[in-house]
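Given next are the chains, with one letter for each unit.
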There are 2 protein chains.
Amino acid sequence: MGLAKNAANFVALSPVSFLERAARVHPQRAALVYGDLRQSWADTYERCRRFAAALSARGIGPGDTVAVMLPNTPAMFEAHFGVPMNGAVLNTLNTRLDAPAIAFMLQHGEAKVLLMDREFSAVIAQALSIMEGPRPTVIEVEDETAPPGQPLGDLDYESFLAGGDPSLPWHLPSDEWDAIALNYTSGTTGNPKGVVTHHRGAYLNAASNAIAWNLGDGAVYLWTLPMFHCNGWCFPWTLALVAGTSVCQRRVEAAQIYALIREHHVTHLCGAPIVYSMLINAPAQLREGIHHPIRGLVAGAAPPAAVMEGCETAGIELTHVYGLTEVYGPSAICTKKPEWAALAGDERARLNGRQGVPYPLQQDVRVLDPLTFEPVPADGETIGEIVFRGNVVMKGYLKNPEATEEAFAGGWFHTGDLGVLHPDGYVKIKDRSKDVIISGGENISSIEVEDTLHHHPAVLSAAVVAQPDPKWGEVPCAFVELKAGQTVSEEELIEFCRSRLARFKAPKRIVFGELPKTSTGKIQKFALRERTRAASAIE
Amino acid sequence: MGLAKNAANFVALSPVSFLERAARVHPQRAALVYGDLRQSWADTYERCRRFAAALSARGIGPGDTVAVMLPNTPAMFEAHFGVPMNGAVLNTLNTRLDAPAIAFMLQHGEAKVLLMDREFSAVIAQALSIMEGPRPTVIEVEDETAPPGQPLGDLDYESFLAGGDPSLPWHLPSDEWDAIALNYTSGTTGNPKGVVTHHRGAYLNAASNAIAWNLGDGAVYLWTLPMFHCNGWCFPWTLALVAGTSVCQRRVEAAQIYALIREHHVTHLCGAPIVYSMLINAPAQLREGIHHPIRGLVAGAAPPAAVMEGCETAGIELTHVYGLTEVYGPSAICTKKPEWAALAGDERARLNGRQGVPYPLQQDVRVLDPLTFEPVPADGETIGEIVFRGNVVMKGYLKNPEATEEAFAGGWFHTGDLGVLHPDGYVKIKDRSKDVIISGGENISSIEVEDTLHHHPAVLSAAVVAQPDPKWGEVPCAFVELKAGQTVSEEELIEFCRSRLARFKAPKRIVFGELPKTSTGKIQKFALRERTRAASAIE
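Residues numbered from 1 in each chain as written. Chains lettered and ligands numbered in written order. Predicted model: local features only at pLDDT ≥ 70, side-chain atom pairs only at ≥ 80, totals over all residues.

Student: Even after reading the chapter, I still don't get the overall build of chain A, so can you show me in this structure?
Tutor: Within chain A one finds 17 helices and 26 strands. Taken over the C-alpha trace, chain A has a radius of gyration of 23 Å; the compact-globule value for 539 residues is 24 Å, and the two agree within 12%. With the principal axes as the frame, chain A shows a C-alpha extent of 70 × 55 × 55 Å. Counting all 539 residues of chain A, 55% fall into the buried class. Considering only residue pairs separated by 6 or more positions, chain A has 70% of its internal contacts joining residues 24 or more positions apart. (Helix = DSSP H or I, 4+ residues; strand = E, 2+ residues; numbered from the N terminus. Rg over C-alpha atoms; globule rule 2.2 N^0.38 Å. Buried ≥ 20, exposed ≤ 12 C-beta atoms within 10 Å, placed from the backbone. Contact = placed C-beta atoms within 7 Å.)

Below you can see the structure in the form of structure tokens.
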């Protein structure tokens, strides 16, 4: 019938297309700002074409892995285009990992090339020395603001780029299902799993970010979220789609963030609750001279009411999103309702703190009974597993068909998070399945206890885990970090919880001190759980 | 390797998915407003599910054609979901066509069902009487505001819907390449061609509309653009994506438009320049009480500077987009640059009046040499054919493989429009290839002459076509509609053009009077060309 696909009407969906468009529409607009650097979209496109061509010149091609161990610098942004424009797969390494973990990833992912920053040369040198199999070519990205360290690279990034001809044609993937990135999850036990994502999903989630956030042409985005984390939730590609400006920085510190917001008129940023908590608790004089509205996406943990309210006061409009590496970062969004504006702050924070509804271009998020795979009733009470389905879901785990099959059981991606469905169709996490505390046969949501603790005025941050108990099996143990200058006793806090929760849900023990956090700002519950186990064993 | 597509990570892209999401996220928000009707997204979803189930109950299924002859009423909106949710193909008929054209389309498209409004019962009755082949089931959409006419339907729309069970499951297409719509182009010669579009492209262009226009959650959209025209540029699906409200209306009249804008706080609308011309030339008192900003997309013809400037004054922020039925409506956009704001109004209107750059999710628009298919230089002068490539390009023409092959020659969709590429990467139309006037071997762009005429203060609208000439082959003949109460002589206008254009480009003749327009507000140049030929034959 002459209605088949052809070169005119069918093109592989790939987010690298957005770079070509940004360079055409806004060639002179700044794509990247870093220190004194202002790099236009035209220059960024040329450098990324050099990047792709230089990889090709070294024999790297479709399906090969290119790893990077970089902070949020321009080279990290460029890698998100240069690598997939060559058909290779971008493996962003978590910069806070230790050498054995990095060695495992380089080996398991079979990285042919490794881009690195001198800040991490010690851990990289150690990882290279202990890994088995072929050693990747190491390219060092020179940056005068990097802390001192041993030079390590086989060559430097600018020399590498100089070896690529920017006039050579680059190619879209032959299939939009081709891998674009490999991201290792920070597994708490056993080896990390390598999440493989595809061009189609990255394209759609990049567009979904723009739609979800109503992100207009010319947004100015500050990189507080690590780009190594789910490819910065696909935002490098989103920023190309809207031809926005990326303000890069090596570290996440309140003074620098406010200075960059002021200087570059930053409009958008993303991060875990701890980032916003840091911003709203920073000295007020840091904020002087900032009068424009700022919009933030928050994920990684439900933002405590105090953070939601503090941001409101500070002129940061927070929206809560939820996702995992397997779904390219944000995959559900707590879409705000106009009628919530009239509610009390506490109630509004409760509604805004939910995981919500499918991200615009994600197909579905549901809560399923773990045994029958049937949807739980929308009663806000029946707990099931949160699952996703759609085009923004990974291909699977690299070289791990068993884990892949398990993750996709029944035609849904299983998050491992337990939640409920509220009557208004919004999903609310109750707990990670492994974080639920089972006490005398009753389930206790660690999140519910933490939320209660967060309401105490002296509490900065709280994490609740199961502590082995000879009578009840498990009991809640709370780790609490207090606000500077505040004090409260263990007894007082336990009583505070008992007055607000069913008695069996109140912590039996409170441990005060700083909470251990992952590189993405999540509290490391597994470390706390270890501590309670060790303590129980001793007792 | 366990990285294949499965039910969890691969879903056909289809814009009907957006309806399910809108009904989940904003069930009580108004999806449709029409007269006294306020219909929520939950109700709209239920009615569309009824629609799909009722089609199935009548034996209609995947690949079958459902035609509609409807004004911009709620049923027209519902058809954009109910029909593809059943797997059938939506054929929206241009309501201004005559019976022979409608008969051709019903027959050629093999419509199994025809939804119609009583306003068109006479033409439909005649079309049914002259068409060959099986007669479609006719469903009349009752509407008390319809002008009087003969009842015609085999059944009425509400009874039809009542025959569908909204609890039955509906299905995404088995393949996102499946046809979603059939739109006949208003060919000027020969039979119209049936443009077949697919779910994938409709999904992407619906998302592209939201991104291009930064269309946020809860937009209020006024239907001034006919939904029969390229499926309303995919905006029914865009409005589901952003859960916006569609304000429907049967006619496009300034008084009603302003009343609806005021009452419903309309934020967005689309249309041909004539719609905006009508709005800015309407009596000022109609605009009283409207103080919020309104954003308009304009297409169908480059908006004259007077329209761009008039809209600025009237608080309507216009953006020019360009496309054709074959590319689902808007497929290029004249993205504004912040630096244009400082330019003189005339110069800004010239820049804003260009066809521009690819729409966000369209892959590419170029200007190619018609012989070599090589890109023309970006000099703003070398004329070539404007071509598109990407995922928002039709499958092809129904039952017309020759025309399809011709349209896709060389791996590009050929628009038939002639244009240039400006040094800033923006495309500018110079003319339809068939509208170019060849005078003494020199090409004259009819658009250039029209633009000049539009600068004369007495001219409301102008169209320039070729008039056969024994000496020069062709010469420009201008048809001019004057503003109410204005006069100007033929000689004066010709002299006005001569003072601004190369002498051979000035019209040789001016004909004053109302200009014939198509149903979408485009001036019918073929009719004017007929007139000049007839006149020449007589002379």
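Student: Help me understand the sheet that holds strand β12 (residues 268–271) of chain B, please; the structure alone is not making it clear to me.
Tutor: Strand pairing within a sheet occurs via backbone hydrogen bonds; the two strands may be parallel or antiparallel. Residue and element names in this part refer to chain B. With mixed pairing, the nine strands of this open sheet are ordered in space as β2-β1-β11-β10-β12-β13-β14-β15-β16. If you trace the sheet from one side to the other, it starts and ends with β2 (37–40) and β16 (357–358), each paired once. Both strand β10 (residues 220–222) and β12 contribute to a ladder of two bridges, which runs parallel. Its bridge partner being in β12, Tyr 221 is matched across the sheet by His 268. Its contacts with the sheet place helix α3 (residues 74–85) against β1 (30–34), β2 and β11 (245–247), and it is angled at close to 145 degrees to β1. (Pairing = 2+ DSSP bridges. Axes fitted to C-alpha atoms, helices over the stretch in contact; angles between N-to-C directions.)

Student: Would you mind showing me how to read the packing of helix α4 (residues 99–109) of chain A against helix α5 (residues 121–130) of chain A here?
Tutor: When two helices pack together, their arrangement is given by the angle between the helix axes and by the axis-to-axis distance. All names here are of chain A. Across the interface, α4 lies against α5 with an axial gap of 8 Å and an inter-helix angle of 55 degrees. Here α5 runs oblique to α4, going by the angle between their axes. Where α4 crosses over α5, the handedness of that crossing is right-handed. Here Ala 99, Pro 100, Ile 102, Ala 103 and Leu 106 of α4 lie close against α5, whose contacting residues are Val 123, Ile 124, Gln 126, Ala 127 and Ile 130. (Parallel < 35°, antiparallel > 145°, perpendicular 65-115°, else oblique. Left-handed = near helix turned anticlockwise from the far one by under 90°.)

Student: Can you walk me through the packing of helix α2 (residues 41–57) of chain A against helix α3 (residues 74–85) of chain A in this structure?
Tutor: All names here are of chain A. The geometry of α2 relative to α3 is characterised by a closest axis approach of 7 Å and an angle of 45 degrees between their N-to-C directions. Judged by the inter-axis angle, α2 sits oblique to α3. Regarding α2 and α3, the two cross each other, and that crossing is right-handed. In this structure, α2 contributes Thr 44, Arg 47, Cys 48, Arg 49, Phe 51 and Ala 52 to the contact, and α3 contributes Glu 78, Phe 81, Gly 82 and Met 85. Here the residues of the contact of α2 with α3 sort into five nonpolar, two polar and three charged. (Nonpolar A, V, L, I, M, F, W, Y, C, P; charged D, E, K, R; others polar.)

Student: Explain the interface of chain B and chain A to me, please; I cannot follow it from the model alone.
Tutor: By a frequent convention, interface size equals the accessible area lost on bringing the separate parts together. Each partner contributes residues to the interface: chain B has 44 residues there, and chain A has 44 residues. When residues of the side of chain B that touches chain A are traced back to their parent elements, those giving at least two are α1 (16–25), α7 (199–212), β16 and α14 (401–407) of chain B. With four residues, the top contributor of residues to the side of chain B that touches chain A is α1 of chain B. Residues of the side of chain B that touches chain A, tallied by class, amount to 23 nonpolar, 14 polar and seven charged.

Student: Teacher, can you tell me more about the environment of Gly 441 of chain A here?
Tutor: Residues and elements named next belong to chain A. Assignment of secondary structure puts Gly 441 in the loop between β22 (437–439) and β23 (442–444). Residue Gly 441 is classed as exposed on the basis of its 7 C-beta neighbours within 10 Å. Linking Gly 441 and Phe 120, residues 321 residues apart in sequence, is a C-alpha distance of 47 Å.

Student: Whenever I open this one, the sheet that holds strand β20 (residues 413–421) of chain B confuses me. Can you help?
Tutor: All names here are of chain B. The strand order β17-β18-β20-β21 describes an open sheet built from four strands, whose pairing is antiparallel. Across the chains shown, the open sheet's two edge strands, defined by having one partner strand only, are β17 (364–368) and β21 (427–432). Direction aside, the axes of adjacent strands within the sheet are offset by 50 degrees on average. Bridging between strand β18 (residues 384–389) and β20 involves four bridges; their strand directions are antiparallel. Within β20, the position partnered with Phe 388 by the bridge is Phe 413.

Student: Help me understand helix α13 (residues 345–352) of chain A in this model?
Tutor: Note that an α-helix has 3.6 residues per turn; residues three or four places apart therefore point the same way. Considered for burial, the residues of α13 of chain A that qualify are Ala 349, Leu 351 and Asn 352 of chain A. In a view along the axis of α13 of chain A, the buried residues occupy a sector of 160 degrees, so they form one face of it. (Arc of directions from axis to C-beta.)

Student: Can you walk me through helix α11 (residues 273–280) of chain A in this structure?
Tutor: Residues and elements named next belong to chain A. A large share of α11 lies buried, amounting to six of its eight residues. Listing the buried residues of α11 in full gives Pro 273, Ile 274, Val 275, Tyr 276, Ser 277 and Leu 279. Contact partners of the buried residues in α11: α10 (254–264), β12 (268–271), β13 (294–298), α12 (305–314) and β14 (316–324).

Student: How do you make sense of the relation of the copies chain B and chain A when you look at a structure like this?
Tutor: Each of the two chain copies can be brought onto the other by rotation about an axis and movement along it. Least-squares fitting of chain B to chain A yields an RMSD of 0.1 Å, with the transformation described by 0.0 Å of translation along the axis and a rotation of 180 degrees. The two molecules are tied by a two-fold rotation axis, judged by turn and shift. (Least-squares fit on C-alpha atoms with pLDDT ≥ 70 in both.)

Student: Sorry, what's going on with unusual backbone geometry here?
Tutor: Residues other than glycine predominantly adopt negative phi, and peptide bonds predominantly adopt the trans conformation. A positive phi angle, near 60 degrees, is found at Phe 373 of chain A, a position not held by glycine. Overall, the presence of 16 C-beta atoms within 10 Å leaves Phe 373 of chain A in the partly exposed class. Positive phi values are uncommon outside glycine, yet His 265 of chain B reaches one of about 55 degrees.

Student: Explanation requested: the pairing of strand β26 (residues 509–512) of chain B in the structure shown.
Tutor: Bridge count between strand β25 (residues 473–482) of chain B and β26 of chain B: four bridges; the pairing is parallel. Note on β26 of chain B: the bridge partner recorded for Val 480 of chain B is Phe 512 of chain B.

Student: Looking at this structure, how should I read the pairing of strand β6 (residues 137–141) of chain B?
Tutor: The two faces of a sheet get side chains in turn, since along a regular strand they alternate between them. Residues and elements named next belong to chain B. Burial within β6 is extensive, with four of its five residues counted as buried. Looking at chain direction, strand β5 (residues 111–117) and β6 are connected through five bridges and run parallel. Opposite Asp 117, over in β6, you have Val 141 as the bridge partner. The parallel pair β5 and β6 is bridged by helix α5 (residues 121–130), and the resulting crossover is right-handed. Relative to strand β7 (residues 155–156), β6 is paired through two bridges, and the arrangement is parallel. Paired with Glu 140 across the strands is Asp 156, a residue of β7. (Right-handed = clockwise from strand over helix to strand, strands pointing away.)

Student: Please clarify how the environment of Thr 92 of chain B should be interpreted in this entry.
Tutor: Residues and elements named next belong to chain B. Checked against the element boundaries, Thr 92 lands in strand β4 (residues 89–92). The sequence separation of Thr 92 and Ala 181 amounts to 89 residues, and the corresponding C-alpha distance is 8.0 Å. Excluding its chain neighbours within four sequence positions, the residues that come into contact with Thr 92 are Val 68, Asn 183, Met 227, Phe 228 and Asn 231.

Student: Mind showing me how you'd approach the confidence of the model for chain A here?
Tutor: Note that predicted coordinates carrying low pLDDT should not be read in detail. Confidence in the prediction of chain A, expressed as mean pLDDT, is 92, and 98% of residues score 70 or more. The ipTM, which scores confidence in the relative placement of chains, is 0.88 for this predicted complex, and the corresponding pTM is 0.89. (pLDDT = per-residue confidence, 0-100.)

Student: Even after reading the chapter, I still don't get the nonpolar core, so can you show me in this structure?
Tutor: One recurring pattern in soluble globular proteins: nonpolar side chains tend to sit buried together. Val 66, Leu 115 and Ala 207 of chain A together with Val 66, Leu 115 and Ala 207 of chain B are the most contacted members of the largest nonpolar core, which has 310 residues in total. Excluding anything up to four places from it in sequence, Leu 115 of chain A contacts Val 68, Leu 70, Ala 75, Ala 79, Ile 139, Val 141 and Tyr 157 of chain A. (Core = buried A, V, L, I, M, F, W, Y, C linked by C-beta atoms within 7 Å.)

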